Amino acid sequence: MYSDFLYYAPTKVVFGKNSDQQIGALVKEQGATKVLIHYGSESAVRTGVLQRVEDALCAEQIAYVKLGGVVPNPRLSLVYEGIELCKKEQVDFVLAVGGGSVIDSAKAIGYGVANEGDVWDFYDFKRKANACLPIGAVLTISAAGSEMSGSCVITNEKTGEKRGYSSDMSRCKFAVMNPEFTMTLPKYQTMSGAVDILMHTMERYFNQSDNMELTDVIAEGLMCTVLKHTRILNQNPNDYKARAELMWAGSLSHNGLTSCGVEKQDFATHKLEHELGGMFDVTHGAGLAALWGMWARYVCHAAPARFVRFAVEVMGVCQMETDADTIEKGITAMEDFYREIEMPTSLKELGIAPTDAQIEELAARCEKACGGPAGVVVPLYKEDMIKIYTQARG
Ligand code: NZQ
Ligand code: ZN
């Protein structure tokens, strides 16, 4: 039987070339009286997107304060700063202008303002949030899907722990998605984003459930679309249509659509990668690419039919004489795709060389963060994680 499910995707999406013209009206619609515009290190200023956002709020006479400086693997210290600023300025709406890191930092600030005590408690499994300030997003990179997800991932830079916290309260009220905004991205970020988009659906697609046909077909369609348009962007980064396909795929890949009817999602590659982000500050999508092949080879024996279907339907591999050969061809085809778009297929290519002791530490932290084994295709315990990290070293 298919698993019962709840699909909740309340974010109003305003998509397209002129979508940013609606920012002021969207914020006003939320009844905001004072807004925190939250953004990253420098791209929002350099590209003029921040100015457009400010102009949009001014046009509606909406008061705002600004806090930039969010870095990839967004840091707890800036979240604390944002909470203080919002309390001091009586901010009642947070507008994130950026990608997953900025949106996640905005969500964490939203939790911190709306709840008593230390916001890190939520990420450290100590307690649950009761509320969150309303959040809106102006997306500038297609990747994490935070603009429609209920997740939020923050790094405690003092301990090197990168932790996620999820609740529907943090889901964005609206997301403004202008694909043109992503044309200023460095290639590495575009491609890391594409890997992350693929992975959000792959983490749901590889499971031990009795899957709904519709969900599988949507997932496969999404993955094929991302493969195709990422290849187009690899040749021509200014292709608007490809930028648009990727942007919409990024949201649909992580808003729950591709896990409807799935009993339990895997997400082990994500859990393993988050530890790399916490310890080595690597780019999320690139870290996923570096680990996925080893994860896949480690677990594929436990879900052969899924891996065969993936090889044939998504990677376009011909069925071989044995399932094992088809599966290996499918995994290799994905790794070849990573190479084609200059993404790493090992930790060495990712630019890190964890020692045995560091791998032991990564695995211990990962098991702690999961509260037990990671994933469902094969539940991975610390010893399994150590093997995967070690094999992924390259
Ligand atoms: O800081 P700036 O200068 O803006 O530069 C950013 C950053 O260096 C740059 N960038 C963004 N838009 C740009 C641009 N550069 C030029 N032009 C533009 N239009 O891109 C870099 C990466 O930005 P970031 O926000 O970190 O990217 P992404 O969206 O991939 O977010 C990654 C974070 O999201 C988390 C990841 O773990 C990571 O911390 N995730 C969040 C999830 C969620 N909340 O649902 C799910 C994901 O699985 C993921 O874990
Ligand atoms: Zn991800």
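Residue indices begin from 1 for each chain and proceed along its sequence in written order. All chains are assigned letters beginning with A, and all ligands numbers beginning with 1, in the order in which they are written. Side-chain atom pairs in this predicted model are given and counted only at pLDDT of 80 or more, local residue features only at pLDDT of at least 70, and totals for whole chains, interfaces and linings cover all residues. Calculated side-chain values reflect all of the structure's heavy atoms, with hydrogen atoms and water omitted.

(A) Quick look at the coordination of the zinc ion (ligand 2). Note on the zinc ion (ligand 2): its protein donors are D196 (OD), H200 (NE2), H270 (NE2) and H284 (NE2). The metal-donor distances range over 2.0 to 2.2 Å. A 2.8 Å cut-off from the metal defines N, O and S donors, relaxed to 3.2 Å for Na, K and Ca; water is not in the atom list, so some sites may appear incomplete. For the zinc ion (ligand 2), the donor residues sit on a single chain with the sequence spacing D-x3-H-x69-H-x13-H. Of the two residues, D196 is situated in helix α7 (residues 187-205) and H270 in helix α10 (residues 268-280); the sequence distance between them amounts to 74 residues. The class of D196 is buried, set by a relative accessible area of 2%. By the criteria applied, helices consist of DSSP H or I runs no shorter than four residues and strands consist of E runs no shorter than two, each listed in order from the N terminus. Only protein chains enter the accessibility calculation, which uses a 1.4 Å probe. A residue is then buried if its area is under 20% of the maximum for its type, exposed if over 50%, and partly exposed in between.

(B) Just the packing of helix α8 (residues 213-235) against helix α13 (residues 323-340), in detail. Orientation of α8 relative to α13, taken along the N-to-C sense of each, is 25°, at an axis distance of 11 Å. In terms of orientation, α8 and α13 fall into the roughly parallel class. In this structure, α8 meets α13 at a crossing whose hand is left-handed. Taken together, the residues of α13 that come into contact with α8 (itself represented by L227, T230, R231 and N234) are M334, F337 and E340. For this scheme, ten residues count as nonpolar: Ala, Val, Leu, Ile, Met, Phe, Trp, Tyr, Cys and Pro. Four count as charged, namely Asp, Glu, Lys and Arg, and the remainder, Gly too, count as polar. Here the contact of α8 with α13 is composed, by residue class, of three nonpolar, two polar and two charged. All axes here are fitted lines through C-alpha atoms, helices being fitted over the stretch that makes contact, and every angle between N-to-C directions spans 0 to 180 degrees. By definition in this entry, angles of less than 35 degrees are roughly parallel, angles greater than 145 are roughly antiparallel, angles of 65 to 115 are roughly perpendicular, and the rest are oblique. Crossing handedness follows the turn of the near helix against the far one: under a right angle anticlockwise gives a left-handed crossing, and clockwise gives a right-handed one. In what follows, a contact means two residues having at least one pair of non-hydrogen atoms within 4.5 Å.

(C) Broad picture of the packing of α7 against helix α11 (residues 284-299). For the pair α7 and α11, interaxial distance at closest approach is 7 Å and the crossing angle is 60°. Comparing their axes, α11 and α7 come out oblique. The two elements α7 and α11 meet at a crossing, and its hand is left-handed. Along the contact surface, α7 presents Y188, S192, V195, D196, M199, H200 and M202, while α11 presents H284, G285, A286, L288, A289 and W292. In terms of residue class, the contact of α7 with α11 is made up of eight nonpolar, four polar and one charged.

(D) Region of interest: the domain arrangement of the protein. Split into domains, the protein comes out as domain 1 (12-181) and domain 2 (187-392). Placing a centre on the C-alpha atoms of domain 1 and another on those of domain 2 gives a separation of 26 Å. Each partner contributes residues to the interface: domain 1 has 31 residues there, and domain 2 has 28 residues. Between domain 1 and domain 2, the buried area comes to about 2,300 Å², and carbon and sulfur atoms account for 57% of it. Buried area, as used here, totals the accessible surface that two parts lose on assembly, with accessibility defined by a 1.4 Å probe and the loss added over both. Counting the surface domain 1 buries against domain 2, the share from its top three residues, S142, K162 and P179, is 23%. One speaks of a salt bridge when a side-chain nitrogen belonging to Lys or Arg is within 4 Å of a carboxyl oxygen belonging to Asp or Glu. Counting across the interface, domain 1 meets domain 2 through three salt bridges. With its nearest N and O atoms 3.4 Å apart, the salt bridge here joins D281 to R75. How far each domain reaches was decided by an automatic or database domain assignment.

(E) Summary view of the site of ligand 1. Around ligand 1 there are 33 residues in total, and S43, S101, S149, K162 and H200 lie nearest to it. One of the backbone nitrogen or oxygen atoms of S151 is found 3.1 Å away from a nitrogen atom of ligand 1. For ligand 1, an oxygen atom lies 3.2 Å from a polar atom in the side chain of H284. Residue-level accessible areas treat just the shown protein chains as cover; the underlying method is Shrake-Rupley with a 1.4 Å probe. Considered on its own, ligand 1 offers 960 Å² of accessible surface; in the complex 91% of this is hidden by protein. Elements represented by at least two residues in the shell around ligand 1 include exactly α5 (100-114), β6 (151-156), α7 and α10. Tallied by class, residues from the shell around ligand 1 come to eleven nonpolar, 18 polar and four charged. Being near a molecule or strand, for a residue, comes down to having at least one heavy atom within 4 Å of it. Polar contacts, as counted here, are pairs of nitrogen or oxygen atoms within 3.5 Å of one another; within protein the pair requires one atom able to donate a hydrogen and one able to accept it, and residues that are adjacent in sequence qualify only if both atoms are side-chain atoms.

(F) Expanded view of the packing of aromatic side chains. Note on aromatic pairs: the rings of Phe, Tyr and Trp (six-membered ring only in Trp) are paired at centre separations within 6.5 Å, and the planes decide the class, stacked below 30 degrees, edge-to-face beyond 60, tilted for the rest. Overall, the coordinates contain 17 aromatic pairs when judged by the stated rule. A centroid spacing of 5.3 Å and a plane angle of 80° characterise the contact between Y111 and Y165, whose relative ring orientation is edge-to-face. Of this pair, Y111 sits in helix α5 while Y165 sits in strand β7 (residues 161-166), and the two are 54 residues apart along the sequence. The residues Y111 and Y165 share a single accessibility class, namely buried. Look at W120 and Y123: their rings are 5.6 Å apart centre to centre, the planes differ by 15°, and that puts the pair in the stacked class. Of this pair, W120 and Y123 both sit in helix α6 (residues 120-123), three residues apart, which is roughly one turn of the helix. Using a relative accessible area of 0% as the deciding quantity, one classes Y123 as buried. Of the aromatic side chains, those joined through ring pairs into one cluster are Y205, F206, W292, W295, F307 and F310. The ring of Y240 has K17 sitting right over it, with the charged end atom 4.6 Å from the ring centre. Two conditions define a charge sitting above a ring: the NZ of Lys or the CZ of Arg must be within 6 Å of the ring centre, and it must be within 35 degrees of the ring normal.

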